[in-house]
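# Analysis of the macromolecular model
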Amino acid sequence: MIRRAAVWVGALVVAMSTVSPAPVASAAPAVAAPAGPTAKASITFDVDTGKVIDAGNAREPVGVASTIKLLTALIVEANVPMDDEVPITRQAADVSPLKLTMEPGSHWRAGDLLHAMLIASLNDTAMALAIEAGGGSMAGFHRQVAAEARLLGLADHPKVQDPTGLDGPDSVGGGNLISARDLAIVTRAFLSNPALAAIVEMPSYHFTGGDGRPHVVYNHNAFLNIYPGAIGVKTGYTDRTGHSLVAAATRDGRTLATVVIGSPDPVGFATAHLDAAFAAGPDTPGTGDVLPEPAPPTTVPPTTATTAPLHLPAQMSPVETSGSGPWFIGAAAVLVLCVAATLAIGVRRRGRTGAPRPRSDRS
């Protein structure tokens, strides 16, 4: 009986090893890095196919300043109707500048706040929208973040606490840490949403605020004005992080994007790397890494319960981060339990003892 059970277990282990997800390919640069500005972390990729063209230190979680607002926008767009009137809490009104300066207790249209957040990177609008998406609390927003991260397949231990991108003493939970690769996954999902992608191309946006007054916000992304075919996406800056930029452009039917974190010249870095990627052509082998497909938007019931910071296991596959593993893993677990039970019964019938027991930004 023991020998037969051992054979079953051995066969099961071999079978499981043949269907386990392959590890994420290493991010060795396939396109020669252009001479010029440097960055703390970066990744350049094809938005349509997900192919990573070049990368540098792309798997280390780092501060990314206001570029995290792309993730905030994905969550808000999926969970807050754009015509809803968003109440401005004291926490949102008191957030550090840049800000629209809204009075606590006033109500502002969600769509207007979303435009102000993405075009002018206003922190009070980001905080107000995040609290609304979280059902009235920051803890609820953190629940939304955790669900969105798993849905998208973020895999490099992201810690996302502050929807604005602030990372100083006034930030929520000390701020955020996310890898360039994970931010690239967020960017790809963001650009796959036509409504969001259209906002970041706008040079300005006019609206009437909750105070009854006319307002206008201006886009300060210089990349939009100097790079041919530029379509966005988002700038970021804090004293701790330095300058960051998510830049995307369309040329000859291809849409490429680059994430630049902690560079003294993010526009120059993005320009050089996008030029090199476009020049390499669509048949470039890239690094061998492919970003997961954009997941459809999802609505997660917010909670007011305290939630722990988001920490996902490193280099998890999109299947593993989806929240429901493949069927064969569950079946294999059941089979293992059956084998163990059979083995235990056989031992008891022989009157043996000692059978093994289960082990338990400004931003």
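Before any of the text, the structure's been laid out above.
Residues numbered from 1 in each chain as written. Predicted model: local features only at pLDDT ≥ 70, side-chain atom pairs only at ≥ 80, totals over all residues. Heavy atoms only, no water.

The subject of this paragraph is helix 6 (residues 138-152). Taking 1.5 Å per residue, 15 residues should reach 21 Å; helix 6 reaches 21 Å between its end C-alpha atoms and fits that length. Within helix 6, 11 of the 15 residues are buried, which leaves the element mostly enclosed by the surrounding structure. Those residues of helix 6 that fall on the buried side of the exposure criterion are M138, A139, G140, F141, H142, Q144, V145, A146, E148, A149 and L152. Those residues of helix 6 that are buried are in contact with helix 2 (69-79), helix 3 (90-93), helix 5 (123-133) and helix 7 (180-191). Put simply, S137 is the residue that caps the front of helix 6, since its side-chain oxygen is 2.9 Å from the backbone nitrogen of G140. (Helix = DSSP H or I, 4+ residues; strand = E, 2+ residues; numbered from the N terminus. Expected span 1.5 Å × (residues − 1). Buried < 20%, exposed > 50% of the residue type's maximum accessible area, 1.4 Å probe, protein only. Contact = heavy atoms within 4.5 Å. Polar contact = N/O pair within 3.5 Å; in protein donor to acceptor, adjacent residues only side chain to side chain.)

Running from N to C, helix 2 and helix 7 point in directions that differ by 45°, and their axes come no closer than 9 Å. The orientation of helix 2 relative to helix 7 falls into the category oblique. Between helix 2 and helix 7 lies a crossing of left-handed hand. On helix 7, the residues touching L70, L71, A73 and L74 of helix 2 are V186, T187, A189 and F190. Partitioned by chemical class, the residues of the contact of helix 2 with helix 7 number seven nonpolar, one polar and no charged. (Axes fitted to C-alpha atoms, helices over the stretch in contact; angles between N-to-C directions. Parallel < 35°, antiparallel > 145°, perpendicular 65-115°, else oblique. Left-handed = near helix turned anticlockwise from the far one by under 90°. Nonpolar A, V, L, I, M, F, W, Y, C, P; charged D, E, K, R; others polar.)

This brings us to the sheet that holds strand 9 (residues 254-261). Ordered by their spatial adjacency, five strands build an open sheet running 2-1-9-8-7, and the pairing between neighbours is antiparallel. Each edge of the open sheet carries a strand with a single partner, namely strand 2 (52-56) and strand 7 (230-238). The average angle at which neighbouring strand axes cross in this sheet is 5°, direction not considered. Pairing analysis gives eight bridges linking strand 7 to strand 8 (residues 242-251), with the strands arranged antiparallel. Note that in strand 8 the partner of G236 across the bridge is S244. In the packing of helix 10 (residues 266-280) onto the sheet, contacts are made with strand 1 (41-46), strand 2, strand 8 and strand 9, and the angle to strand 9 comes to roughly 145°. (Pairing = 2+ DSSP bridges.)

Before going further, it helps to spend a moment on the environment of D170. Its place among the elements puts D170 in the loop between helix 6 and helix 7. Its relative accessible area of 63% is what places D170 among the exposed residues. Along the chain, D170 and V95 lie 75 residues apart, while their C-alpha atoms are 7.8 Å from each other.

Honestly, that's just the spatial picture; any functional story needs more than this.
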